[in-house]
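# Chains, contacts and geometry: an overview
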Amino acid sequence: MNNFTFGNERYQYYETIAGGSGAGPDFDGASAVQTHMTNSRLTDPEVLEWRFPVRLESFAIRRGSGGMGRHRGGDGVERRVRFLEPMTAVMLANHRRIAPFGVAGGQSGAVGRNWVERSDGTREEFGATCKVEMHAGDVFVIQTPGGGGYGSLG
């Protein structure tokens, strides 16, 4: 799970962000997919930027984050949100310390990461859960975990 919220006195927003799913005995894992949260989807970028004082700088598949194996784990994503006014951002996630495991000799997927790139050029790393005061110009970066691979390569 990758839950990201932000807000202030005027605005409040909540989203769940996809990761990579694990591979199985006869299939590769899917990239950029919800595996534990169903019946949800992200707000379209145009609507997000129209309703909230943020800019979605990028949203892309995190290539290479799925675990290797006879069947490869799916890749997670990277999401970069720039704040245009002060807000509080909160992250509630998992697989930031312990990698999504591989099965039957498959390798683990990459752990997720969260950090803030401040407008003054500094960078602050955060774990699976954090509450951060964002300022105008700051960027919150979320890299979601990849899925574990299945089966030995050899």
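Look above for the structure.
Fair warning: this is a prediction, and the values are worked out from it, not measured in the lab.

Reading across from one edge, S2-S1-S5-S8 is the order of the four strands in this open sheet, with antiparallel pairing throughout. This sheet does not close on itself; its edge strands, each paired only once, are strand S2 (12–16) and strand S8 (129–134). Between one strand axis and the next, the sheet turns by 15° as a mean value, whatever way the strands run.

Going through the model one piece at a time under the given rule, you end up with seven aromatic pairs. The interplanar angle of 35° and the centroid separation of 5.1 Å between the aromatic rings of Phe6 and Tyr13 together place this pair among those described as tilted. The same class applies to Phe6 as to Tyr13, namely buried. An aromatic cluster is built from Phe4, Phe6, Tyr11, Tyr13, Phe52, Phe83 and Phe140, whose rings are joined through pairwise contacts. A cation over an aromatic ring shows up here: Arg79 above the ring of Phe59, its NZ or CZ 4.6 Å from the ring centre.

Before going further, it helps to spend a moment on the nonpolar core. A general feature of soluble globular proteins is that nonpolar side chains tend to end up buried together. Counting residues in each nonpolar core, the largest one holds 23 residues, and the members touching the most others are Phe4, Phe6, Phe83 and Phe140. Looking at this core, the elements that each hand over two or more residues are strand S1 (2–7), strand S3 (54–61), strand S4 (77–83), strand S5 (87–93), S8 and strand S9 (139–143). Here this core gets four residues from one element, more than from any other, and that element is S5. Those residues in contact with Phe83 that lie beyond four places of it in its chain are Phe4, Phe6, Pro53, Val54, Ala89, Met134, His135, Ala136, Gly137, Asp138 and Phe140.

On to the layout of surface pockets. Here the largest pocket defines a volume of roughly 370 Å³. What lines the largest pocket is a set of 23 residues, and nearest its centre among them are Gly20, Thr35, His36, His95 and Pro100. Taken together, the residues of the lining of the largest pocket sort by class into nine nonpolar, 14 polar and no charged.

Looking now at the environment of Ala136. Tracing the backbone through its elements, the reader meets Ala136 in the loop between S8 and S9. Between the C-alpha atom of Ala136 and that of Pro86, which follows or precedes it by 50 residues, the distance is 5.5 Å. Aside from chain neighbours lying at most four places away, what touches Ala136 is Phe83, Leu84, Glu85, Pro86 and Ser119.

Our focus in this paragraph is the pattern of salt bridges. Applying the stated criterion across every chain yields a total of nine salt bridges. Between Glu15 and Arg79 there is a salt bridge, and its shortest N-O distance comes to 2.8 Å. Note that Glu15 is positioned in strand S2 and Arg79 in strand S4, a separation of 64 residues in sequence. Residue Glu15 shares its accessibility class with Arg79, and that shared class is buried. When the shortest N-O distance is used, the salt bridge between Arg123 and Glu125 registers 2.8 Å. Assessed through its relative accessible area of 43%, Arg123 is described here as partly exposed. A cluster of three or more residues bridged by salt bridges with shared partners is formed by Glu57, Arg80, Arg82 and Glu117.

Reading guide: rules and limits
- Residues numbered from 1 in each chain as written.
- Predicted model: local features only at pLDDT ≥ 70, side-chain atom pairs only at ≥ 80, totals over all residues.
- Heavy atoms only, no water.
- Pairing = 2+ DSSP bridges.
- Helix = DSSP H or I, 4+ residues; strand = E, 2+ residues; numbered from the N terminus.
- Axes fitted to C-alpha atoms, helices over the stretch in contact; angles between N-to-C directions.
- Phe/Tyr/Trp six-rings, centres within 6.5 Å; stacked < 30°, edge-to-face > 60°.
- Buried < 20%, exposed > 50% of the residue type's maximum accessible area, 1.4 Å probe, protein only.
- Lys NZ or Arg CZ within 6 Å of the ring centre and 35° of its normal.
- Core = buried A, V, L, I, M, F, W, Y, C linked by side-chain atoms within 4.5 Å.
- Contact = heavy atoms within 4.5 Å.
- 1 Å grid on protein atoms, 1.4 Å probe; cavity = no way out; pocket = protein on both sides within 12 Å on 5 of 7 lines; lining within 4 Å.
- Points joined across faces, edges and corners; volume = space filled by probe spheres on them.
- Nonpolar A, V, L, I, M, F, W, Y, C, P; charged D, E, K, R; others polar.
- Salt bridge = Lys/Arg side-chain N within 4 Å of Asp/Glu carboxyl O.

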